Structures are given as structure tokens and as C-alpha cells.
Amino acid sequence: NAGVTQTPKFRILKIGQSMTLQCTQDMNHNYMYWYRQDPGMGLKLIYYSVGAGITDKGEVPNGYNVSRSTTEDFPLRLELAAPSQTSVYFCASITGANTGELFFGEGSRLTVL
Amino acid sequence: KNEVEQSPQNLTAQEGEFITINCSYSVGISALHWLQQHPGGGIVSLFMLSSGKKKHGRLIATINIQEKHSSLHITASHPRDSAVYICAIRTGTASKLTFGTGTRLQVTL
């Protein structure tokens with residue numbers, strides 16, 4: 001099925017561990033984003049990419065890294081997990097600037113203990 | 001002050017009522033999205049607006065670019081409409097989104 005696929009859906013990490021959240025879209029979208037959603041807060045932008053090989057920081061990039069080696073994949077890496085990274089993470093994609101429709105992955109719930 | 005403000009934060013309605021959720025923003029935008037998120041669920045884009053009005057079933061979304069204001073209306077509300085509704089604005093060449101904090105709607109029988 002066409003869309004944005006995120007894995008894993010749930011994960012529990014210990015403080016200091018690392019992991020990668022995977023995001024894949026099969027719609028040939030250039031623009032991809034990672035957001036985190038904390039209770040009572042709006043979604044916050046972590047990193048974004050406007051095409052393969054191009055990434056940039058969003059509002060809350062500290063503690064995260066991304067790569068974009070292909071149009072389809074935009075993985076988010078958490079290094080040295082901290083309790084402050086406990087959140088729900090969403091990957092999203094848009095065809096292009098201004099008028100493209102927006103698609104979200106189903107979300108990944110991460111708990112750091 | 002957030003760039004995107006939604007009101008109300010919480011809303012309870014009885015089945016069949018007409019519902020309005022408001023969104024105000026403070027910067028120039030290329031588009032505005034209304035999103036729906038069910039409890040524990042993913043996020044779905046209901047509407048993308050750059051001007052005027054759009055309708056899909058019982059949902060209507062309007063935007064006034066000059067006033068920097070948008071509204072989402074639900075006619076003949078139903079319990080399955082219970083969800084969080086989020087307004088998001090798209091800005092800049094990278095189409096980054098800024099989100100409101102959402103309106104939690106509960107529709108009772």
C-alpha cells in the first residue's frame with residue numbers, strides 16, 4: 001500500500017542506548033520530516049530533508065541524527081538515549097513545496113527508562 | 001506566543017450538534033492543514049487550504065488569508081468524530097509545518 005511506513009511502533013530503551021527509527025515512503029516524495037509529539041504540546045520538528053543527500057535541523061535536533069541516502073528512506077538515529085527523548089515520533093512526507101498533500105506514518109512510541 | 005493558536009482546547013458536544021474549531025496564525029503561509037488524530041492513533045490530513053473553502057462530507061474548512069484565520073466545521077456531529085483536531089501551517093521553501101496544540105473533541109450520544 002502506498003504511504004509512509006514507520007518502524008518500530010513501540011520501543012523501550014535504557015538510558016544511554018542507541019537506536020534507529022525507520023521511515024520509508026513509496027510515493028516518490030522529495031520532502032520528508034521527523035516530528036516528536038509530547039503530551040499537551042504541538043508536534044515539534046526534529047529534522048527535515050528536501051531531497052536525497054540533503055538534510056537540515058529543525059527546532060529540536062539535539063540528541064538525534066538523520067541521513068537521506070535515497071528518496072524513499074529517512075531514518076532517525078537516537079544516540080545515547082535520555083528520558084527527555086521519551087515521546088511519540090512521527091515521520092511525514094510531502095510531494096513538494098507549497099501545494100503537495102501531506103502524509104504521516106503511524107507513529108513510533110519510544111520510552112527511555 | 002505560539003505562531004499557531006487553536007480554540008477551544010477542549011470541546012464536548014452532543015450527537016447532531018454543529019461544531020466549530022478555530023485556528024489563528026501570525027505569519028505568512030503557503031498552506032494550512034487540518035489534521036485528525038484519534039486516541040493512540042496516527043495523524044490524517046483532512047484538508048489542505050491556501051484560500052477559500054473546502055468541503056468533504058460533513059466537514060467544512062475555511063480560510064481567510066488576510067485575517068490569518070481558519071475554521072473547521074463539523075455538521076451533524078457523531079461520536080466517531082471524537083478525536084483531536086490539529087491545525088498546522090506550512091511556511092518557507094522547505095514547506096516546514098508549525099502545529100497548534102490541538103482541540104480535543106468528544107461527541108456524546
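Residues numbered from 1 in each chain as written. Chains lettered and ligands numbered in written order. Predicted model: local features only at pLDDT ≥ 70, side-chain atom pairs only at ≥ 80, totals over all residues. Heavy atoms only, no water.

> Looking at this structure, how should I read the packing of aromatic side chains?
Within a pair of aromatic rings, the relevant descriptors are the distance that separates the centres and the angle that separates the planes. Taken as a whole and judged by the stated rule, the model has five aromatic pairs over all chains. Ring geometry for tyrosine 33 of chain A versus tyrosine 35 of chain A: centroids 6.0 Å apart, planes at 25°, classification stacked. Across this residue pair, the class does not change: tyrosine 33 of chain A and tyrosine 35 of chain A are buried. One aromatic cluster is present, formed by Tyr33, Tyr35, Phe90 and Phe104 of chain A together with Phe99 of chain B through successive ring pairs. The ring of phenylalanine 74 of chain A has arginine 68 of chain A lying over it, and the distance from NZ or CZ to the ring centre is 5.9 Å. (Phe/Tyr/Trp six-rings, centres within 6.5 Å; stacked < 30°, edge-to-face > 60°. Buried < 20%, exposed > 50% of the residue type's maximum accessible area, 1.4 Å probe, protein only. Lys NZ or Arg CZ within 6 Å of the ring centre and 35° of its normal.)

> Just to check I follow, could you spell out the sheet that holds strand S8 (residues 69–74) of chain B for this structure?
Note on sheets: strands pair through backbone hydrogen bonds, and any given pair is parallel or antiparallel. Residue and element names in this part refer to chain B. Taking strand neighbours across the sheet as the criterion, the five strands line up as S1-S3-S8-S7-S6 in an open arrangement whose pairing is antiparallel. Every other strand in the sheet has two partners, leaving strand S1 (4–7) and strand S6 (52–56) as the edge strands with one partner each. Strand-to-strand twist in this sheet, taken as the mean axis angle between neighbours without regard to direction, amounts to 15°. Examined bridge by bridge, strand S7 (residues 59–64) and S8 share six bridges and lie antiparallel to one another. When the bridges of S8 are listed, leucine 59 appears paired with isoleucine 74. (Pairing = 2+ DSSP bridges. Helix = DSSP H or I, 4+ residues; strand = E, 2+ residues; numbered from the N terminus. Axes fitted to C-alpha atoms, helices over the stretch in contact; angles between N-to-C directions.)

> I tried to follow the pairing of strand S3 (residues 19–25) of chain A on my own but got confused; where do I start?
Every regular strand shows the same layout, with side chains that alternate between the two sheet faces. Residues and elements named next belong to chain A. Only one face of S3 is covered, namely the one carrying Met19, Leu21, Cys23 and Gln25; the face carrying Thr20, Gln22 and Thr24 has none of its residues buried. Here four bridges tie strand S1 (residues 4–7) to S3, and the two strands are oriented antiparallel to one another. Within S3, the position partnered with threonine 7 by the bridge is glutamine 22.

> Where do I start with the nonpolar core in this structure?
Where a protein is soluble and globular, its nonpolar side chains tend to be buried together. With 21 residues, the main nonpolar core has Ile19, Leu32, Trp34, Leu72 and Tyr85 of chain B as its most contacted residues. Counting residues per element, the ones that place at least two in this core are strand S3 (19–25), strand S4 (31–37), strand S5 (43–49), S7, S8, strand S9 (83–91) and strand S11 (103–108) of chain B. The residues contacting leucine 72 of chain B, other than those within four sequence positions of it, are Ile19, Thr20, Ile21, Trp34, Leu46, Phe47, Ile60, Ala61 and Tyr85 of chain B. In this structure, Tyr35 of chain A together with Ala88, Ala94 and Phe99 of chain B belong to the second largest nonpolar core, which totals 20 residues. (Core = buried A, V, L, I, M, F, W, Y, C linked by side-chain atoms within 4.5 Å. Contact = heavy atoms within 4.5 Å.)

> I tried to follow the sheet that holds S1 of chain A on my own but got confused; where do I start?
All names here are of chain A. The four strands are arranged S1-S3-S8-S7 in an open sheet whose pairing can be described as antiparallel. Edge positions in the sheet fall to S1 and strand S7 (64–66), since each of these pairs with one other strand and no more. Pairwise comparison of adjacent strand axes, ignoring direction, gives a mean angle of 20° for this sheet.

> Help me understand the side chain of aspartate 81 of chain B in this model?
All names here are of chain B. Tracing the backbone through its elements, the reader meets aspartate 81 in the loop between S8 and S9. We classify aspartate 81 as buried; its relative accessible area is 5%. One polar contact links aspartate 81 to arginine 58, side chain to side chain, over a distance of 2.8 Å. The contacts of aspartate 81, once residues within four sequence positions are left out, are Arg58, Ile74, Leu105 and Val107. (Polar contact = N/O pair within 3.5 Å; in protein donor to acceptor, adjacent residues only side chain to side chain.)

> Sorry, what's going on with the interface of chain A and chain B here?
At the interface, 22 residues of chain A touch 20 residues of chain B. Across the chain A-chain B interface, the total number found is six residue pairs in polar contact (both at pLDDT 80 or more). For the side of chain A that touches chain B, the element with the highest residue contribution is strand S4 (residues 31–37) of chain A, accounting for four residues. When the residues that make up the side of chain A that touches chain B are grouped by side-chain class, the tally is 13 nonpolar, seven polar and two charged. (Nonpolar A, V, L, I, M, F, W, Y, C, P; charged D, E, K, R; others polar.)

> Even after reading the chapter, I still don't get the state of the cysteines, so can you show me in this structure?
In a disulfide, the sulfur atoms of two cysteines are covalently bonded to one another. All names here are of chain A. A full pass over the atoms with the stated rule returns two disulfides over all chains. Through a disulfide, cysteine 23 is tied to cysteine 91; the S-S separation comes to 1.9 Å. Given an S-S torsion of about -70°, the disulfide between cysteine 23 and cysteine 91 has left-handed geometry. Pair noted here: cysteine 23 is in strand S3 and cysteine 91 is in strand S9 (residues 87–94), with a separation of 68 residues, a long-range link. (Disulfide = S-S within 2.5 Å.)

> Explain the environment of aspartate 56 of chain A here, please?
All names here are of chain A. Looking at the element boundaries, aspartate 56 is found in strand S6 (residues 54–57). Overall, the relative accessible area of 41% leaves aspartate 56 in the partly exposed class. In the structure, aspartate 56 is positioned ten residues away from isoleucine 46 in sequence and 9.0 Å away in space, judged by C-alpha atoms. Non-local contacts of aspartate 56, meaning those with residues more than four positions away in its chain, are made with Tyr47 and Tyr48.

Note that every value here comes from positions in space, so none of it alone points to a role or purpose.
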